[in-house]
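Single-letter residue listing:
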Amino acid sequence: MSENRHYDVVIIGTGAGGGTLAWKLAPTGKRILLLERGDYLPRERDNWDTTAVFTSGKYLTDEKWLDSDGDAFVPEQNYYVGGNTKFYGAALFRLRPEDFGEIRHHGGISPAWPLDYTDFEPWYTEAERLYVVHGQDGEDPTDGPRQGPFPYPRVEHEPRIQQLHDDLERAGHHPSHLPIGVMLDQDADGNATRTSACIRCDRVDGFPCLLRGKADAETVCVEPALEHPNVDLVTGARVERLETDAGGRRVTAAVAVAADGTETRYSGDIVVVACGALNSALLLLKSANEAHPNGLANSSDQVGRNYMRHNNLALMALSVEPNPTRFQKTLALNDWYLTGDDGWDYPMGGIQMLGKSDGEMLRGKAPHWAAFGAKLTPGRSLEMIARHAVDFWLSNEDLPRPENRITVDADGTVHLAVDNKNNTEGLKRLRRKLESMLTHLGMHEETHHRKVYLYEGMDIAATAHQAGTARFGLDPATSVLDTTCKAHDLDNLYVVDSSFFVSIGAVNPTLTIIANALRVGEIIHERLG
């Protein structure tokens, strides 16, 4: 084992939480170390290849976890500089003000946060500037109050999606332009300009960007942070455990293992865990010692519990007319986000567009899709079916349950337990609502599941929206972190990924992770002086 020099702040993870925090602290002059278990994502043609990304899962981890039945699966985790943001769709929504309070769902109660929307609003504003969020204020009736308009103009719809937008408005609904983080400069017609990094292609959702046109954590935060001489990055450093002093009140070292098995200890006045909600919980659990026999920061027995990941469906409808859209991820509809319909009194969730389907995404269910496509014209190829596809993402809130949790055995075997029927009735009703409108929107009258990554629907491996495994709160008996995201049980340990979420709402969690990292970065800066 080798010993490394001491840092003011050690940050474990370079995604939306850790990368953003490094950016926030870089100008302070404090010595900052970023530890990343992966390497830089290779820049290669396969970045945009559907077979490599969606069918083969080339860039996913090869680790195996076990579900509650003991069956092995590969979690959808990407271990690269920038974390899962390298592959995310860059949909950067704010949680709604109501999401911070208690909400009654069909399946139970979504609990209140110890902070409210006003505590996060200034940080949402900074996060939207930092991650180049394009949008249009005033369209979405569920959106909270803002300090001002979006920092970048909305991404204009292409003709078929503009038609969908107009048809929804004529039906009395409130479609909005989806807030999305892309480095896009548009001309008057909405086309990418000659100097725009983003070219409005069909690879934004689920693919890494070859052109650095997507606002991922590496591009927006890690690389600018590394321009400061006080910031270091070590890749290929898988942190296996955190060590504490004898009293268990301070983390004294992060012990990282390189690919060749070499262990290195990194120490910091402040240690920040930002590995993603699942891996952050695993790291705390694997760091058990005499002072913390149930895992680090786990006197409440809440570490790893209350795992949430949304109730999601990726659905494909078929437009009667072809849908030549390339950059399809521009529209959202949240009319039933906080309310039901037809006398049903519970939230149903939100609808947004997915990236555009291609034939390879449908190939895994070729007979199924061929039958679906026969409704258009017998003998249509999968590519022809995809040309008529209009792709929707439906999301409803799942609820924090203590039994939904991640655990690890003494031999390192990881177990993930998930209740796939957790508050799912709202999602079913949202799907039926969407399907009831399709014929009036120029589409055939039903939708079908669309493959997303290697999985679909609510498969346990679908961990993209993970949250909630180290919730923050006022009571150390029922929470892991305080409202500054410092562990109740330790003096110098913080967690700044989605682990701190008390509930998850029904919109993508990434902007809230970013906003919170900026908020905690200011707190750490003040603490360091």
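A quick note: this is a predicted structure, and the numbers were derived from the prediction, not measured.

Reading the values: the criteria
- Residues numbered from 1 in each chain as written.
- Predicted model: local features only at pLDDT ≥ 70, side-chain atom pairs only at ≥ 80, totals over all residues.
- Heavy atoms only, no water.
- Helix = DSSP H or I, 4+ residues; strand = E, 2+ residues; numbered from the N terminus.
- Rg over C-alpha atoms; globule rule 2.2 N^0.38 Å.
- Buried < 20%, exposed > 50% of the residue type's maximum accessible area, 1.4 Å probe, protein only.
- Salt bridge = Lys/Arg side-chain N within 4 Å of Asp/Glu carboxyl O.
- Phe/Tyr/Trp six-rings, centres within 6.5 Å; stacked < 30°, edge-to-face > 60°.
- Lys NZ or Arg CZ within 6 Å of the ring centre and 35° of its normal.
- Polar contact = N/O pair within 3.5 Å; in protein donor to acceptor, adjacent residues only side chain to side chain.
- Contact = heavy atoms within 4.5 Å.
- Pairing = 2+ DSSP bridges.
- Axes fitted to C-alpha atoms, helices over the stretch in contact; angles between N-to-C directions.
- Parallel < 35°, antiparallel > 145°, perpendicular 65-115°, else oblique.
- Nonpolar A, V, L, I, M, F, W, Y, C, P; charged D, E, K, R; others polar.
- Left-handed = near helix turned anticlockwise from the far one by under 90°.
- Expected span 1.5 Å × (residues − 1).

A.B. asks: Explanation requested: the overall build of the protein in the structure shown.
C.D. replies: Within the protein, the regular secondary structure consists of 11 helices and 24 strands. For the protein, whose C-alpha radius of gyration is 22 Å, the value lies close to the compact-globule estimate of 24 Å for 529 residues. C-alpha atoms of the protein, sized along the principal axes, occupy 70 × 50 × 45 Å. Expressed as a percentage of its 529 residues, the buried residues of the protein come to 61%.

A.B. asks: Quick question: what am I supposed to make of the pattern of salt bridges here?
C.D. replies: Side chains bearing opposite charge may pair, as long as their charged atoms lie close to each other. The full count for this structure, using the stated rule, is 34 salt bridges. Notably, a salt bridge pairs Asp341 with Lys433, separated by 3.0 Å at the nearest N-O pair. Remark: Lys433 occurs in helix α10 (residues 425–437) and Asp341 occurs in the loop between β18 (331–333) and β19 (350–353); sequence separation between them is 92 residues. Note that Glu425 and Arg429 form a salt bridge whose closest N and O atoms lie 3.1 Å from each other. A residue pair is termed a helical-turn pair when its members lie 3 or 4 positions apart in one helix, as Glu425 and Arg429 do in helix α10 at four residues. The exposure class of Arg429 is partly exposed, given its relative accessible area of 28%. Counted as one network, the salt bridges with shared partners bring together Arg94, Arg96, Glu121, Glu128, Asp140, Asp143 and Arg146.

A.B. asks: It is not clear to me how the packing of aromatic side chains should be interpreted in this structure. Could you clarify?
C.D. replies: Two numbers describe a pair of aromatic rings. These are the distance of the centres and the angle of the planes. Applying the stated rule across the entire model yields 18 aromatic pairs. Aromatic pair Phe500 and Phe501: ring centres 5.0 Å apart, planes at 75 degrees, arrangement edge-to-face. On the accessibility criterion, Phe501 (1% relative accessible area) is buried. Taken together through their ring pairs, the aromatic side chains of Phe100, Trp113, Tyr117, Phe120, Tyr124, Phe472, Phe500 and Phe501 make up a single cluster. Between the NZ or CZ atom of Arg96 and the centre of the ring of Tyr337, over which it lies, the distance is 5.7 Å.

A.B. asks: Would you take a moment to explain the side chain of His157 for this structure?
C.D. replies: For His157, the location among the structural elements is in the loop between β9 (152–153) and α4 (159–170). Within the structure, His157 has its side chain in polar contact with the side chain of His177 (distance 3.2 Å). Ignoring sequence-local partners within four residues, the contact set of His157 consists of Gln162, His165, His177, Arg200, Thr330 and Leu331.

A.B. asks: How do you make sense of helix α5 (residues 217–226) when you look at a structure like this?
C.D. replies: Because the α-helix completes a turn every 3.6 residues, residues three or four places apart line up on one side. Most of α5 sits out of view: seven of its 10 residues are buried. Among the residues making up α5, those that are buried are Ala217, Glu218, Thr219, Val220, Cys221, Val222 and Ala225. Buried-residue contacts for α5 involve α1 (18–25), β3 (32–35), α3 (117–130) and β12 (231–234). With a side-chain oxygen lying 3.1 Å from the backbone nitrogen of Glu218, the N-terminal cap of α5 falls on Asp216.

A.B. asks: Please clarify how the sheet that holds β12 should be interpreted in this entry.
C.D. replies: Within a beta sheet, neighbouring strands are joined by backbone hydrogen bonds and run either parallel or antiparallel to one another. If you trace the five strands from one edge of the open sheet to the other, you get β12-β3-β2-β16-β24, paired in parallel fashion. The open sheet has two edge strands with one neighbour each: β12 and β24 (493–495). Across this sheet, the average inter-strand angle for adjacent strands is 20 degrees, counted without regard to direction. Examined bridge by bridge, strand β16 (residues 268–273) and β24 share three bridges and lie parallel to one another. Following the sheet pairing, Val271 is matched in β24 by Leu493.

A.B. asks: I'm lost on the packing of α3 against helix α11 (residues 510–528) in this one. Help?
C.D. replies: The description of two helices packed together rests on the angle between their axes and the distance between the axes. At a minimum axis separation of 8 Å, α3 and α11 run at an interaxial angle of 110 degrees. Here α11 runs roughly perpendicular to α3, going by the angle between their axes. Residues Asp119, Phe120, Trp123, Tyr124, Glu126, Ala127, Glu128 and Leu130 of α3 lie in contact with α11, whose contacting residues are Leu511, Thr512, Ile514, Ala515, Asn516, Leu518, Arg519 and Glu522. Across the contact of α3 with α11, the residue classes break down as nine nonpolar, two polar and five charged.

A.B. asks: Is there a simple way to explain the packing of α1 against α5 in this structure?
C.D. replies: It is the contact of α1 with α5, at a shortest axis distance of 8 Å, that shows an interaxial angle of 40 degrees. For the element pair α1 / α5, the angle class is oblique. For the crossing formed where α1 meets α5, the hand is left-handed. Of the residues in α5, those in contact with Gly19, Thr20, Ala22 and Trp23 of α1 are Val220, Cys221, Val222, Pro224 and Ala225. For the contact of α1 with α5, the residue count by class is seven nonpolar, two polar and no charged.

A.B. asks: How should α11 be read in this particular structure?
C.D. replies: Given a rise of 1.5 Å per residue, 19 residues ought to cover 27 Å, and the 26 Å separating the end C-alpha atoms of α11 matches this to within 8%. Most of α11 sits out of view: 14 of its 19 residues are buried.

A.B. asks: Can you help me understand the side chain of Asn404 in this one?
C.D. replies: Summarising the element assignment, Asn404 is placed in the loop between β20 (389–396) and β21 (405–408). Side-chain polar atoms of Asn404 contact the backbone nitrogen of Asp419, separated by 3.1 Å. In this view, Asn404 contacts Gly304, Arg305, Asn306, Tyr307, Leu399, Ala417, Val418, Asp419 and Asn422; residues no more than four positions away in its chain are not counted.

A.B. asks: What am I meant to see in unusual backbone geometry here?
C.D. replies: Among all residues except glycine, the phi angle is most often negative; among peptide bonds, the trans geometry is most common. The backbone of Ala90 sits at a positive phi, close to 60 degrees, despite the residue not being glycine. Residue placement: Ala90 occurs in the loop between β5 (72–73) and β6 (103–105). Since its relative accessible area comes to 0%, Ala90 is described here as buried. For Ala297, which is not glycine, the phi torsion reads 65 degrees and is therefore positive. With respect to the helices, strands and loops of the structure, Ala297 is situated in the loop between α6 (277–286) and β17 (311–318).

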